[in-house]
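# Architecture at a glance
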Amino acid sequence: DGKAIWFLLEDSGEQNLARISPRGGAIERVISGESVVTAFAQGSNGEIAALISRPHLPPEVFSLKRGQLQQRSFSNREWLAGLQLGAVEKAHFESRDGTAIEGFVIKPPGFVEGRRYPTILNLHGGPQSQYDYSFQSDAQLFAANGYLVVHPNPRGSTGYGEAFCLGIWRNWGGPDYEDVMAAVDDAIARGWADPERLGVTGWSYGGMLTNHIITRTDRFKAAITGASATLYVANYGHDMYQGWWEQELGLPWEPEARARYERLSPYNAVDKIVTPTLIMGGEIDWNVPIINSEQLYLALKKRGVDTQLVVYPGEYHGIDTPSHARDLYQRYLDWFAKRL
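Report on the accompanying structure. None of these values were measured; they are calculated from a predicted model. (Residues numbered from 1 in each chain as written. Predicted model: local features only at pLDDT ≥ 70, side-chain atom pairs only at ≥ 80, totals over all residues. Heavy atoms only, no water.)

## Examining the packing of aromatic side chains
All told, the structure shown has 17 aromatic pairs when counted by the stated rule. An aromatic cluster of three or more residues is present, and its members are Trp172, Tyr232, Tyr241, Trp244, Trp245 and Tyr261. In this structure, Lys107 packs its charged tip against the face of Trp192, placed 4.1 Å from the ring centre. In this structure, Arg216 packs its charged tip against the face of Tyr177, placed 3.8 Å from the ring centre. (Phe/Tyr/Trp six-rings, centres within 6.5 Å; stacked < 30°, edge-to-face > 60°. Lys NZ or Arg CZ within 6 Å of the ring centre and 35° of its normal.)

Structure below.
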């Protein structure tokens, strides 16, 4: 009816359903709180249908009518009844330069205060995205196997304003490296994480940040990097991001731009990697092509670092075939179990 613009709003680990007048003014958060609204539809009677997830609830359909929110679908109820899930806590801490950072910590079921747990630093992709209050199946899988899981929202993440999101412009693996290491230090300071049993993993940009981490520290006893980039110039003209490369780093044959590509590429510091590293990706990924994983694998193999390369046939940027997904998660568990 032209009275309001409805939209989804990322904010500090939440994703709200919000609206604003076309003439401007205050934003009204119609559905907010410790939850994530991923989709919505409006009925002619003013009722709203929304797909909502919470830390212990995979996405389900809810209705909003006259201010009352009510769950309508229960597709995961039987499955959830047979599970014991780990507690999810919001974490607040400071990075090395004093920047305020948020994240989440997922505890193993039966968590005992005062006991230190093997810990997995799990990094989100994007980097323009955020860890939030939605159900995190991979974190719950790790937690069910006895791990404390750290989900930081470092600079580069969305949900914290434009300046925060642009905090790693032409500086990948810079401020965000400090932020995620601060997340680990925070979990150690709380007495939860075992500093001698740390693992790190990520997919897409999370894998890229993993690569930066293992070139700069030997604190992690195991790493798993998925669908990641390593020698950035190799992607220009090969992947799907030509406009992005040119806008942020420039044309790679121009000297000043080429210096940026080389300065930021973790491949140029592979001689510093000692962490056992499992490398995975999809055969036909045009988002972050598998050439990156192949290059990293060969470099680590030549240097005698404990490593494996797993390429999933017929897969793109995500591993979607059920048998492949099962294999991928089993490899995660096996790699960390052996080394943590």
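Back to the text.
## As for the sheet that holds strand 14 (residues 277-282)
What the eight strands build is an open sheet, ordered 8-9-11-10-12-13-14-15; its pairing is mixed. The open sheet has two edge strands, strand 8 (88-94) and strand 15 (307-312), and neither has a second partner. Strand after strand, the sheet turns through a mean of 20° between neighbouring axes, direction not considered. Across five bridges, the pairing between strand 12 (residues 193-203) and strand 13 (residues 222-226) is parallel. Residue Gly199 lies in a different strand from strand 13, and its bridge partner there is Ala222. Docked against the sheet, helix 2 (residues 137-144) engages strand 8, strand 9 (100-106), strand 10 (117-123) and strand 11 (148-153), running at close to 150° with respect to strand 11. Across the face of the sheet, helix 8 (residues 291-303) comes into contact with strand 13, strand 14 and strand 15 while running at roughly 160° to strand 15. (Pairing = 2+ DSSP bridges. Helix = DSSP H or I, 4+ residues; strand = E, 2+ residues; numbered from the N terminus. Axes fitted to C-alpha atoms, helices over the stretch in contact; angles between N-to-C directions. Contact = heavy atoms within 4.5 Å.)

## Quick word on the nonpolar core
Grouped together as the largest cluster of nonpolar side chains are 48 residues, with contacts concentrated most on Leu121, Leu148, Trp172, Val200, Ile213, Phe220 and Tyr232. Counting residues per element, this core draws most heavily on helix 4 (residues 175-189), at eight residues. Those residues in contact with Leu148, other than ones at most four positions away along the chain, are Val105, Ile106, Lys107, Pro108, Phe111, Tyr117, Pro118, Thr119, Ile120, Ala187, Trp192 and Ala193. In terms of nonpolar packing, the next biggest core, distinct from the first, is built from 26 residues, Val149, Ala222, Ile319 and Tyr332 among them. (Core = buried A, V, L, I, M, F, W, Y, C linked by side-chain atoms within 4.5 Å. Buried < 20%, exposed > 50% of the residue type's maximum accessible area, 1.4 Å probe, protein only.)

## Observations concerning the pairing of strand 1 (residues 5-11)
Regular strands place their side chains on alternate faces of the sheet. Alignment of strand 1 against strand 2 (residues 14-20), held across seven bridges, turns out to be antiparallel. Each bridged residue has a counterpart across the sheet, and for Ile5 the counterpart in strand 2 is Ile20. As consecutive antiparallel partners, strand 1 and strand 2 are separated by two residues, and within that stretch Ser12 has a phi angle of approximately 55°, a positive value.

## Observations concerning unusual backbone geometry
Backbone torsion omega between Gly126 and Pro127 reads 5°, so that peptide bond is classified as cis. Relative to the helices and strands, Pro127 resides in the loop between strand 10 and helix 2. The phi angle at Ser12 is positive, at roughly 55°, despite the residue not being glycine. Along the chain, the position of Ser12 falls in the loop between strand 1 and strand 2. Look at Arg170: it is not a glycine, yet its phi comes out positive at around 55°. Classification of Arg170 by relative accessible area gives partly exposed; the value is 29%.

## Brief notes about the environment of Val37
Looking at where Val37 falls in the secondary structure, it is placed in strand 4 (residues 36-42). C-alpha separation for the pair Val37 and Leu17, spaced 20 residues apart in sequence, amounts to 6.4 Å. Beyond its immediate stretch of four places on either side in the chain, Val37 contacts Leu8, Gln15, Asn16, Leu17, Ile31, Ala50, Leu51 and Ile52.

## Considerations on the pattern of salt bridges
The full count for this structure, using the stated rule, is 15 salt bridges. Put simply, Asp11 and Arg29 hold a salt bridge, and the shortest N to O gap is 3.0 Å. Note that Asp11 is positioned in strand 1 and Arg29 in strand 3 (residues 28-31), a separation of 18 residues in sequence. The exposure class assigned to Arg29 is partly exposed, which follows from its relative accessible area of 39%. Between Arg190 and Asp186 there is a salt bridge; the shortest N-O distance is 2.8 Å. Judged by relative accessible area, Arg190 falls into the partly exposed class, the value being 34%. Using a relative accessible area of 15% as the deciding quantity, one classes Asp186 as buried. (Salt bridge = Lys/Arg side-chain N within 4 Å of Asp/Glu carboxyl O.)

## Quick word on the packing of helix 2 against helix 9 (residues 322-339)
For the pair helix 2 and helix 9, the least separation of the axes is 11 Å and the interaxial angle reads 40°. With respect to each other, helix 2 and helix 9 are oriented oblique. When you trace helix 2 past helix 9, the crossing you get is right-handed. Residues Asp138, Leu141 and Phe142 of helix 2 pack against Tyr329, Tyr332, Leu333 and Phe336 of helix 9. A class-by-class count of the residues in the contact of helix 2 with helix 9 yields six nonpolar, no polar and one charged. (Parallel < 35°, antiparallel > 145°, perpendicular 65-115°, else oblique. Left-handed = near helix turned anticlockwise from the far one by under 90°. Nonpolar A, V, L, I, M, F, W, Y, C, P; charged D, E, K, R; others polar.)

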